[in-house]
Amino acid sequence: MNEIKLTSFAEKKAEKAENLRPFSGLKLLHIKKQIASILGQIGRNGIFDEYTKHDISHIDFMLDSLDWIIPPKTQEILTPTDWLMLTLSIYFHDLGMLVTKEEYENRNNSDFPEFKEQIIKGELGLDYRDKVLGINPTDRQDRFIYQELVRKNHAQRIKYWILDEKNPIFPTEMNIINEIKSLISKADNMFRRDLALICESHHLDDLDDFEKYKPNQQYGPTSQETINLHYCAIILRTADLLHITSDRTPSIEFSLINPTDPISQEEWAKQRAVKAIRPKVKKNKDGRVDSSLPKDTLEVIALFENEFGFFGLISYLNYAKLQLMDSCKYTDMANRLNDINYEFPWKDIDDSSIEAKDFSKEQFEFKLDQTRILDLLVGHTLYNDSSVVLRELTQNGIDASKLMKYELDNRGDNDYKPEIEINWNSGKRELSFMDNGTGMTLEIIKNHLLKVGSSRYQDENFLKKYPNFSSISRFGIGLLTCFLIADDIDITTKYFDSDEIILLKIKKIHGKYLLKYLPTDSIPSMIKNHGTIVKLYVRSEVNLEKIEHNLKKWILFPDCKLTFNDDQKQIKIGYNSPKELLTSYLKENGYDVDDKILKVKEVHDNGVTLAFAIKYIEHWKEWNFLEYTERNRDITPPIGTCVEGIRVDFTTPGFKGRNLFAVVNTTGKNAPKTNVARSNIEVTPEREALLSSIYALYLNHISDEIDNLKQGGFSISWAAKEGNYLLRDFTRSRDFLGRDAEFEDITTFEKALSKMNLILVEKGNSRELVSIEELSSINHYWTIDCVSYSSADSLIKEVKSSNTSALSLLRTIFGSEDSNTDHIDYLLCNINQTDKNIERLLEEKFQVDSIKIIPEQRRLDLKWSLVSEKIWEEILIEDEYHRNRNKSKCYIQLKDFEIDSSITQTAINSSNALFILKNSELNKYLVKVISDLSERTQENRIILSKVVKLIKSFFYHKEFNKAKVEEFIESRLQRNNNEDIEHLFWDKINKEELISTILKTNFIKYDTTIWFRRDW
Ligand SMILES: Nc1ncnc2c1ncn2[C@@H]1O[C@H](COP(=O)(O)OP(=O)(O)OP(=O)(O)O)[C@@H](O)[C@H]1O
Ligand SMILES: [Mg+2]
């Protein structure tokens, strides 16, 4: 090692402090020698030396850099105590980065395991996790993680060492603590404490704490013993931050600088690419370098071997720039507050001289073309309809008045009446929007109104101040829509907490604006206390005939008094509630809303208000949903979804088209978010919650009707049948073009449906209604196919107010022994009358896993249990002639299960499916065909359906010989008149095999339906 000396200017100045009383006995040279020796020792047997240079040269570099970081004038006013603090803090500040071999080996006793887990769980970012997990081998990965942990806490480590206190994160301390302690034991105790705080400060974010970093600390009576701790902290941070030459790794965590790629920082440090960092000389007006001009920017000169290092350094410098800006700001603040003048001129870093080998020297970056972007936003892309300006400006007024109300309510002032007035003067072509809302301050105007993309309502401070306020505004671009119809805009505003009235004149979207303060008597009384007027001078080519129509189209429930004044008339816009809107529309359009045969029902759930029209069917004593039929295309029907009273969607809530008369409004924190064009709702959990509420509210109407029927004296069985009928009508309702209405989100509808009590079951002697969810928790149910049961079912349906079970009736009639009903604990009634959505959900969840036949009753009992392992392959049989008819089903048995030993038939026919059982040639053949056609393409599905359909016919033609079978099959296939299908069929199906299976099969099935005589 070279001989250690006090070489820098800073150390020489600092040495003078040795003569001051608070530091007597302290020997700077001795301290430096000891530190060099500690660093040297650790370099030899430690870890991390691979990445980080720990010798005294880093310290010398930093000390030398003080020469240019601290401007000459400020150097002159620094006291020996300032210099001593600067020198010692530079000696000590990074010692915390040092880790001995023993400490690393003991890492499991520190916070390392938790920290590692945090990274692996992705809590510090998923990209960061992936990068770290990509480091091999594990030991290298551990070392990287430990290094990051130390990096994160190194400043705190040195603080604890100097203070001689225990560090909770690293309980296993190193021996060097004692050495460090003894080095500065001679210094004044307050000075020692401040040294610890300054060392720690270079990694904290609290340079605005002037109590902690006193700009005028003093350790003794003379001026030589005073110190500006704040300035010392700033200078230490800067010198450390800017030491990026050579192979030093910065002591800030990589995850903080570049959360997605910590490795690029490491790469940069390894590449020794930074040649110099220096103050940048300025050019004068003629473009010539003039070194006498004051400097405020630093420049970095570097050449990288590859792009990783390049991007690593760039992201570090972005971080460093922010730090420099803060340092400037806080130094200024300290100067102002204490009437002192310590200079910190470094405001920026110029990185244009950083190159990467093989890449062009010129640096490229994204540039925003402000003019183009504004054109895009207000042009055709986002808002293609000039009427949206009416919506946007009204919305802004609604938000401002809602906020005013929120503010005044909080102050206990409940007299406020929110109000918006829209005026159109066609002669002058002036359109103005006046609201008595909060108004705006100059700051709000600058930071939000005129800053595209910055909505005040989403601002962090705003959300803190008004946590429960929910606005319509979201994006900070609504005002731009003004320029769709006007070039010149005047905004007059008075903020509620200020006396100033501001007038802002804007000319053209790309232009500048002018601002002036107006006297109080120059504004309309409506905004005397607070409020805003936005006045648009509408361009002459813009057609504004339909203002009223457009306002009514968008603004349904403004939650304030909203009037539109035309040249001639005054029109109220909006309604108090969805019910009011729907009722008034129906009345205006010739419906007799008398509450006897037609009414509007309004229901609520969690910030959601849904209104729908229903009509009474006297014959059935039921209220059905009123279907929408389009009459007049010019009138926008009162149908749609609103967020905070503004319509964002014009279809029936919950559906993709317009089928029912219904409108919904959703408000509050849980309301879903609109997309940027406000033409729809974004797919978020809030949207799902809204849809879920909407479906539940519709379905609740059906439940209510079931309850009404029961209360009206009908049996539960009758009510259940009607409930399912209403549901069927609702799910199959037609849109105004006569198509089946599609659900907006079928999965959410099914979830809501699964919770509804619409399924009739019997248990013991009574019947009850349960939901699919409840049925699933019971795990299984039975169904019965037989005439006596359905007769009993029909009978009890007619019995007044009955909830008796059909089984109990059978037990009475047959006698409990002969009725053969003991195995049935839970019976699903009326499966053929349930809605197809319920049927589909049940079939998805349950499968037959037990079959019983009771021939003397011509009866078939099926037990359906929750599917755990698939027992059947389901094949739907298409009916070529009746495409829309319900497809019949065929189930091919794949697995064994409990089955009556008396069943010897090849198949079982229930009222809506054929089950082909396992112990037959036919089953084996079909299982093979299924596996050959396992790829369920459309073609394969058609072929499977045809095979099964053909085979099914042979249950009725058992008597055919081979030739006849062949002829029959051919004729059936030709029925379609489609040669392609025929070819396709014989491509995949072996004819011989099919025919021989048919000939070998005993086509006998157990069938509860064959005892019916049909009239031909
Ligand atoms: N009538 C008004 N009263 C008070 N403040 C207003 C008014 N109009 C606009 N502002 C302020 O100007 C900001 C910008 O308005 P702008 O309509 O451009 O965006 P936004 O309303 O925040 O969001 P969005 O793009 O969703 O409309 C608002 O956030 C609000 O602070
Ligand atoms: Mg807005």
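Small disclaimer: the values here were computed from a predicted structure and weren't measured. (Residues numbered from 1 in each chain as written. Chains lettered and ligands numbered in written order. Predicted model: local features only at pLDDT ≥ 70, side-chain atom pairs only at ≥ 80, totals over all residues. Heavy atoms only, no water.)

Taken in spatial order, the eight strands make up an open sheet running 13-12-11-14-10-9-15-16, and their pairing is mixed. With partners counted over all chains shown, the strands left at the sheet margins are strand 13 (513–518) and strand 16 (570–572), one partner each. Strand-to-strand twist in this sheet, taken as the mean axis angle between neighbours without regard to direction, amounts to 15°. With six bridges connecting them, strand 10 (residues 430–435) and strand 14 (residues 531–538) associate as antiparallel partners. Residue L431 lies in a different strand from strand 14, and its bridge partner there is L536. Packed onto the sheet, helix 17 (residues 388–410) meets strand 9 (419–425), strand 10, strand 14 and strand 15 (561–565) and runs at close to 20° relative to strand 10. (Pairing = 2+ DSSP bridges. Helix = DSSP H or I, 4+ residues; strand = E, 2+ residues; numbered from the N terminus. Axes fitted to C-alpha atoms, helices over the stretch in contact; angles between N-to-C directions. Contact = heavy atoms within 4.5 Å.)

Our focus in this paragraph is the nonpolar core. Counting residues in each nonpolar core, the largest one holds 84 residues, and the members touching the most others are I35, Y91, F92 and L313. It is helix 15 (residues 307–338) that provides the largest number of residues to this core, a total of ten residues. Those residues in contact with Y91, other than ones at most four positions away along the chain, are L6, E11, L28, I31, K32, I35, I59 and L63. Counting residues in hydrophobic clusters, the runner-up holds 80 residues, among them I614, I824, I838 and W864. (Core = buried A, V, L, I, M, F, W, Y, C linked by side-chain atoms within 4.5 Å. Buried < 20%, exposed > 50% of the residue type's maximum accessible area, 1.4 Å probe, protein only.)

Under the counting rule described, the total for this entry stands at 59 salt bridges. Note that R411 is salt-bridged to E407, the shortest N-O span being 3.1 Å. For E407, a relative accessible area of 10% corresponds to the buried category. One salt bridge in this structure joins R411 and D497, with 3.7 Å as the shortest N-O distance. Taken together, the residues R411 in the loop between helix 17 and strand 9 and D497 in the loop between strand 11 (486–494) and strand 12 (501–507) connect sequence positions 86 residues apart. Residue class for R411 comes out partly exposed when judged on its relative accessible area of 48%. (Salt bridge = Lys/Arg side-chain N within 4 Å of Asp/Glu carboxyl O.)

This part takes up a nonpolar patch on the surface. Among the surface-exposed residues, Y513, L515 and Y517 lie close enough to one another that they form a single nonpolar patch of about 270 Å² accessible area. Looking at the secondary structure, you find Y513 in strand 13. (Patch = residues over 30% accessible without salt bridge, like charges linked within 9 Å, V, L, I, M, F, W, Y side chains within 5 Å. Areas by Shrake-Rupley, 256 points an atom, 1.4 Å probe, with all protein chains shown as cover.)

Now for the environment of Y725. Assignment of secondary structure puts Y725 in helix 23 (residues 716–731). On the accessibility criterion, Y725 (42% relative accessible area) is partly exposed. As for Y725 and D835, which are separated by 110 residues in sequence, their C-alpha atoms are 7.2 Å apart.

The next thing to look at is the packing of helix 22 (residues 685–711) against helix 24 (residues 746–754). Two elements in contact, helix 22 and helix 24, have axes separated by 9 Å at closest approach and are oriented at 45°. With respect to their mutual orientation, helix 22 and helix 24 come out oblique. Here the hand of the crossing between helix 22 and helix 24 comes out right-handed. Between helix 22 and helix 24, the contacting residues are E688, L691, S692, Y695, A696 and L699 on the first element and T748, F749, K751, A752 and L753 on the second. Here the contact of helix 22 with helix 24 is composed, by residue class, of seven nonpolar, two polar and two charged. (Parallel < 35°, antiparallel > 145°, perpendicular 65-115°, else oblique. Left-handed = near helix turned anticlockwise from the far one by under 90°. Nonpolar A, V, L, I, M, F, W, Y, C, P; charged D, E, K, R; others polar.)

Let's shift gears to unusual backbone geometry. With phi around 50°, N606 is a residue other than glycine that occupies positive phi space. Tracing the chain through its elements places N606 in the loop between strand 17 (598–605) and strand 18 (608–617). Among the residues examined, N606 registers a relative accessible area of 58% and is labelled exposed. One non-glycine residue, K621, lies in positive phi territory at about 60°. When you line up the elements, K621 lands in the loop between strand 18 and strand 19 (622–625).

Taken together, five strands build an open sheet; the order of strands is 29-30-33-32-34 and the sheet is mixed. Among the strands making up the open sheet, the edge pair consists of strand 29 (872–877) and strand 34 (1005–1007). Strand-to-strand, the axes of this sheet are offset by a mean angle of 20°, without reference to chain direction. Packing of helix 29 (residues 921–932) onto the sheet brings it into contact with strand 29, strand 30 (888–893) and strand 33 (913–916), and relative to strand 30 it is tilted by some 100°. Helix-sheet contacts for helix 30 (residues 938–953) involve strand 29, strand 30 and strand 33, and the interaxial angle to strand 29 is about 85°.

The two faces of strand 20 (residues 640–643) match: G640 and C642 on one face and T641 and V643 on the other face are all buried. Where strand 20 and strand 22 (residues 662–666) come together, four bridges link them in parallel fashion. Its bridge partner lying in strand 22, C642 is registered against N665. Across three bridges, the pairing between strand 20 and strand 21 (residues 646–649) is antiparallel. From the neighbouring strand, V643 faces strand 21, where its bridge partner is I646.

Turning next to the packing of helix 8 (residues 126–133) against helix 9 (residues 138–163). Two quantities define a packed helix pair, namely the angle between the axes and the distance from one axis to the other. Orientation of helix 8 relative to helix 9, taken along the N-to-C sense of each, is 135°, at an axis distance of 9 Å. The angle between helix 8 and helix 9 places the two elements in the oblique class. Contacts between helix 8 and helix 9 involve Y128, V132 and L133 on the former and, on the latter, Q141, F144, I145 and E148. In terms of residue class, the contact of helix 8 with helix 9 is made up of five nonpolar, one polar and one charged.

In total, this model carries zero disulfides according to the counting rule given. Free cysteine C232: the closest other cysteine sulfur is in C199, separated by 11 Å. Unpaired in this structure, C328 has its nearest cysteine sulfur neighbour in C232, at a distance of 17 Å. (Disulfide = S-S within 2.5 Å.)

Here T79 shows up in the loop between helix 4 (72–77) and helix 5 (80–92). When its relative accessible area of 12% is taken as the criterion, T79 is described as buried. If we ignore the near neighbours within four places in the chain, the residues touching T79 are S223, Q224 and T226.

A word on the site of ligand 1. N396, S455, S473, R474 and I477 are the nearest of the 22 residues found near ligand 1. In the environment of ligand 1, a nitrogen atom lies 2.9 Å from a nitrogen or oxygen atom belonging to the side chain of D435. Within the side chain of T532, an N or O atom sits 3.5 Å from a nitrogen atom of ligand 1. In isolation ligand 1 exposes 600 Å². Once the protein is present, 98% of that is buried. When residues of the shell around ligand 1 are traced back to their parent elements, those giving at least two are helix 17 and helix 18 (442–449). Considered class by class, the residues forming the shell around ligand 1 number eight nonpolar, nine polar and five charged. (Near = heavy atom within 4 Å. Polar contact = N/O pair within 3.5 Å; in protein donor to acceptor, adjacent residues only side chain to side chain.)

Moving on: the environment of Y695. Following the sequence through the fold, Y695 ends up in helix 22. Of note is the side chain of Y695, whose polar atom sits 3.4 Å from the backbone nitrogen of E744.

Counted under the stated rule, the structure contains 49 aromatic pairs. Taking the centre distance of 6.3 Å and the plane angle of 50° together, the rings of F730 and F749 count as tilted. Here F730, found in helix 23, pairs with F749, found in helix 24; they are 19 residues apart in sequence, far enough to count as distant. Here the two residues F730 and F749 agree in accessibility, since each one is buried. Aromatic rings pair up to connect F612, F625, F655, Y695, Y698, F730, F743 and F749 into one cluster. Of note, R107 hangs over the ring of Y104, and the distance from its end group to the ring centre comes to 4.3 Å. The ring of Y160 is capped by K159, whose NZ or CZ atom sits 5.0 Å from the centre of that ring. (Phe/Tyr/Trp six-rings, centres within 6.5 Å; stacked < 30°, edge-to-face > 60°. Lys NZ or Arg CZ within 6 Å of the ring centre and 35° of its normal.)

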